[in-house]
Amino acid sequence: MFERKGTRARFALNTRTRVTVLIAVAAIYLLGVFVWGLFMSPDAYAVHYADKFTPPGGKYLFGADFMGRNMFFRCVKGLSVSLVIGVIASLVSSVIGLVFGVASATAGGRFDKFILLCVDCCMGLPHLVLLILISYMLGRGARGVLLGVALTHWPELTRLVRAEVLQLRTTHYVQAAYRMGKSRFRVAWDHMLPHVLPVYIVGLVLLFPHAVMHEASITFLGFGLPAETPAIGVILAESMRHIATGKWWLALFPGLMLIIAVILFDVIGENLKRLLNPDSGNE
Amino acid sequence: MRLEAKQLSFRYAKGEPPILEDVDLRVGAGERVALVGPSGCGKSTLARILSGYLEPSAGKVLWNGNILPKKGFCPVQLIGQHPELSVNPRHRMSKILCEAYTPDADMIAAMGIESAWLSRRPGELSGGELQRFCIARALAPQTKFLVCDEISTMLDVITQAQIWELLLRATERRGLGLLVITHNRALAGRVCERVVSLPEINCAL
Amino acid sequence: MTSKDTPVLAVRELQISFSMYRKGLRKESLRVIRSLSLDVRKGEIVAVVGSSGAGKSLLAHAVLGILPSNAVTEGEILYKGETLTPALQRKYRGTEIALIPQSVDYLDPLMRVGKQAACAGGGPEAQRAARAAFARYGLEPRVERLFPFQLSGGMARRVLIVTAVVARPALIIADEPTPGLGAEAATETLRHFRQLADGGAAVLLITHDIDLALHVADRIAVFYAGTTAEIAPAEDFKRGRDALRHPYSKAFLDALPQNAFKPIAGAQPYAGRPPQACLFADRCPERTNACAGAVAMRALRGGEVRCIHAT
């Protein structure tokens, strides 16, 4: 314990600065891909039959596919599409989770039991099966995927929010606020929101990778976005047809980009958790 | 202006042994009563019932002959043993202080609250300092009676004497009634006019 | 080898600082304990009293090596004359040095208390020792099979003590063992501490309740703002304010409900003040200009005091 002083000083940046930089870099990369893909002209990945199956190199960074389309731009565009769907679905999902969690904890009784039953049902079924079912029922396409992902990712957050609110309700300061004449709304706004918000934000960010991954999965399996959309799932599904003939770049680069995006979301979420948690916040 | 407990009983669940049974207690306006007894005799439970935090299983709490209001500001306020649990850890002290009303500068000075503390959060203040805020917060204009549940047990003796000095001054000026729960007999004798032993009035024991 | 006079625990010029974030990304070091020195000998109970924030619990955590990771310590802690390194702390914790915590919340809620007590030593021998200890504290064998939540208040206190003493530690640290207890229960707990000390252990009793300390301790150390203000035999505290040395200890006695119940004004200063000057000066009735200079601990009338005016 007496040597600790020296080892601490060696780190030029303190933990909080490092964590903040890490979050910023990850967020900038994801936002960059998202915006670039959103405003990309379709000419960037237009068909050039002359260049079909060009391996990765100078002109084609990630190579070209069976129609001679530039894989790099297609990947960026595809990831952007996947991100849009993932983020929107997560947002919808998180709002459902927040509303159900708060309602469940405050209403109690039968309503609480009903919500918990829904949570258990949703978590008991395999995620992917439920997703495919909903997406298929809604006629696939962007709408089907979006609703499918949105309707299957709320249970974890519902549980977290419910537990947080239940715990808050028993605290002395919340009870004291009631005895001092504060209305239910004032107590929720003044006392509960500041505690629930960090839980919600971290939960939301940690939902993103799940949603993006699941969107890509069901699209890959053919139950998601239509084949003409440049989505990561579609690109990966196409690449499977050529992998046997040695066109490795068609699968490797889109897969890598997807994995990197998912990991970065996780990095942001986990580090936000460290910053917002009062126990680890002073490290 | 009197606080009465009529035939109060309390048990956590049906079938479990009662913690309080047929407790009768009456504290008049401006009266200071100490409630003493060993740990586990139901002192804190009685405090929470009298200040409306808990519903009694049987019997009633009367304020001026009426049932204690369930909604709105409760004229009987409770100050607890752990000030750090009674304040929202994410709020600033200035916000905590104004939970029920906005205390004026005289009040803040009388409670020995320094202006520098107002911009801090609860984690940055000591127990004694936080307890001053809890007392100031509970001394709203509508407050008529204070229940003090071991409010100085966790404090050192100098802070304890400071807290009681300012609390007694404030309650005397406004003629507030006081129910003081403590295991410290010397303290009970110092601050109260009458000492009630809970085991003697609690039929559950 | 340790001679007979080597204290079981010797704390020499201990300093503890915390690095904390002030505004945004700026990190600051906050010194909460400065130049703290204290000895605890075999068969002796030393009570540490002082207001919250004086650094009482931090001393206990430093000895046990369980300070949070953002704490930086300087100075020396010696156990039987040997410097306590993190490795030694891990080795001695629970066997040679034991902690008696405040409540059963510190026990594993899912393990039967008999098993938890035996865990402290390890092996079948520990199991026998645990059984004997349960009997010694008047706990029936059936108590061993209970879970912590099933214990009544009185049992819980005895179980906590048993769990700490099964391995027959040479140093016992009790951190605020009695707040909220009735007079009888507190007296019973303290009687156990006296027995442990008479049995040859060194006991460090941390409390804010000077009443308790008076009843059971051999010596009392008064902490103020992260330093020791006075270390004196408990007898001096019983004899009244004139037998004491430091104005803060005197103020402590004056504030007791059974004495004058008169507090001094002001509050303990925060961490981060200049290290040399007297920290009590701005509340002290005897303050002079000299109090702004260095004030060191010095021996006086069989005790120690950190005040230049004390006689």
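Everything numeric here is computed off the predicted structure, so don't read it as measured data. Here the residue numbers are simple positions, counted from 1 along each chain's written sequence. All chains are assigned letters beginning at A, and all ligands numbers beginning at 1, according to the order in which they are written. Reporting in this predicted model follows two pLDDT cut-offs: at least 70 for local features of residues, and 80 or more for side-chain atom pairs to be given and counted; totals over whole chains, interfaces and linings ignore these cut-offs and use all residues. Think of the side-chain values as coming from all heavy atoms in the structure, minus any hydrogens and water.

So, about the overall build of chain C. Looking only at helices and strands, chain C has nine helices and 12 strands in total. On the principal axes, the C-alpha backbone points of chain C span a range of 65 × 50 × 45 Å. Looking at chain C as a whole, 54% of its 311 residues are labelled buried. For the area figures, the Shrake-Rupley method with a 1.4 Å probe applies, and any residue is considered shielded solely by the protein chains shown. In the form shown here, chain C has an accessible surface area of approximately 13600 Å², with 53% of it arising from carbon and sulfur atoms. Asp and Glu are treated as the negative residues and Lys and Arg as the positive ones, with His and the ends of the chain left uncounted. Throughout, a charge is located at the NZ atom of Lys, the CZ atom of Arg, the CG atom of Asp or the CD atom of Glu. Separation of charge centres in chain C, based on 40 positive and 30 negative side chains, amounts to 3 Å. Going along the chain from the N terminus, every DSSP run of H or I of four or more residues is numbered as a helix, and every run of E of two or more is numbered as a strand. Relative accessible area decides the class of each residue, using a 1.4 Å probe on protein chains only: under 20% of the type maximum gives buried, over 50% gives exposed, and in between gives partly exposed.

Okay, the interface of chain B and chain C next. Here, residues are in contact when the closest pair of their heavy atoms is within 4.5 Å. Listed as interface residues are 27 residues of chain B and, on the opposing side, 29 residues of chain C. By convention, the term buried area covers the 1.4 Å-probe accessible surface removed from two parts as they join, with the contributions of both added. Contact between chain B and chain C buries roughly 2200 Å² in total, counting both sides, with carbon and sulfur atoms accounting for 58%. In terms of surface lost to chain C, no three residues of chain B exceed V157(B), I158(B) and R190(B), which account for 28% of the buried area on that side. The salt bridge criterion pairs a side-chain nitrogen of Lys or Arg with a carboxyl oxygen of Asp or Glu, the two atoms within 4 Å. At the junction of chain B and chain C, the tally comes to one salt bridge. Of the charged contacts in the structure, one is a salt bridge between K262(C) and E165(B), with a shortest N-O distance of 3.1 Å. Side-chain atoms alone can form a polar contact between residues adjacent in sequence; in general such a contact is a pair of N or O atoms within 3.5 Å, and within protein one must be able to donate a hydrogen while the other accepts it. Scanning the region where chain B abuts chain C turns up five residue pairs in polar contact (both at pLDDT 80 or more). Among the elements that take part in the side of chain B that touches chain C, helix α6 (residues 157–174) of chain B stands out by supplying seven residues, more than any other. When residue character is reported, Ala, Val, Leu, Ile, Met, Phe, Trp, Tyr, Cys and Pro are called nonpolar, Asp, Glu, Lys and Arg charged, and the others, Gly included, polar. A breakdown of the residues in the side of chain B that touches chain C according to their chemical character gives 12 nonpolar, nine polar and six charged.

Another point: the interface of chain B and chain A. Contact with chain B, which involves 23 residues of that partner, is made by 17 residues of chain A. At the boundary of chain B with chain A, total buried surface from both sides reaches about 1800 Å², with 49% on carbon and sulfur atoms. When the buried surface of chain B facing chain A is broken down by residue, Y53(B), R90(B) and E99(B) rank first, second and third, together holding 37% of it. Linking chain B with chain A are 12 residue pairs in polar contact (both at pLDDT 80 or more), by the criterion used here. Looking at the side of chain B that touches chain A, the elements that each hand over two or more residues are β6 (76–79), α2 (83–86) and α5 (127–138) of chain B. Counted by class, the side of chain B that touches chain A contains 10 nonpolar, seven polar and six charged residues.

Glancing now at helix α3 (residues 71–107) of chain A. Residues and elements named next belong to chain A. Compared with an ideal rise of 1.5 Å per residue, which puts 37 residues at 54 Å, α3 spans 52 Å between its outermost C-alpha atoms and is within 8% of the ideal. N-cap assignment for α3: the residue whose side-chain oxygen lies 2.9 Å from the backbone N of F72 is N70. Downstream of α3 by one or two residues, G108 has phi in the positive range, about 65 degrees. Expected span of a helix: the number of residues minus one, times 1.5 Å.

All names here are of chain C. Following the sequence through the fold, A217 ends up in the loop between α7 (210–216) and β9 (219–224). Separated by 173 residues in the primary sequence, A217 and E44 place their C-alpha atoms 7.7 Å from one another. Setting aside residues no more than four positions away along its own chain, A217 makes contact with I45, A47 and A234.

When pLDDT is averaged along chain C, the result is 84, and 93% of the positions lie at 70 or above. If you check the scores for this complex, the pTM reads 0.79 and the ipTM reads 0.90. As a per-residue measure, pLDDT reflects the predictor's confidence and takes values from 0 up to 100.

All names here are of chain C. Being paired, for any two strands, means DSSP has found at least two bridges between them. Strand order in this open sheet of eight strands is β6-β7-β8-β3-β9-β10-β12-β11, and the pairing throughout is mixed. The open sheet terminates on both sides in strands that have one partner only, identified here as β6 (97–100) and β11 (298–300). When the angles between neighbouring strand axes are averaged without regard to direction, this sheet yields 25 degrees. Direction of pairing for strand β3 (residues 45–49) relative to β9: parallel, over a ladder of four bridges. Each residue of the ladder has a partner; that of A47, found in β9, is I220. Against the sheet, helix α1 (residues 56–64) makes contact with β3, β6, β7 (171–175), β8 (202–206) and β9, and its axis sits at roughly 145 degrees relative to β7, the strand it touches most. Axis lines are fitted to C-alpha atoms, over the contacting stretch for helices. Their N-to-C directions set the angle, which ranges from 0 to 180 degrees.

Here we come to the pattern of salt bridges. Residues and elements named next belong to chain B. Within the structure shown, the criterion is met by 31 salt bridges over all chains. For K70, the salt bridge goes to E55, with nearest N and O atoms at 3.9 Å. Of this pair, K70 sits in the loop between β5 (66–67) and β6 while E55 sits in the loop between α1 (43–50) and β4 (58–63), placing them 15 residues apart in sequence. Residue classification places E55 among the exposed positions, given a relative accessible area of 52%.

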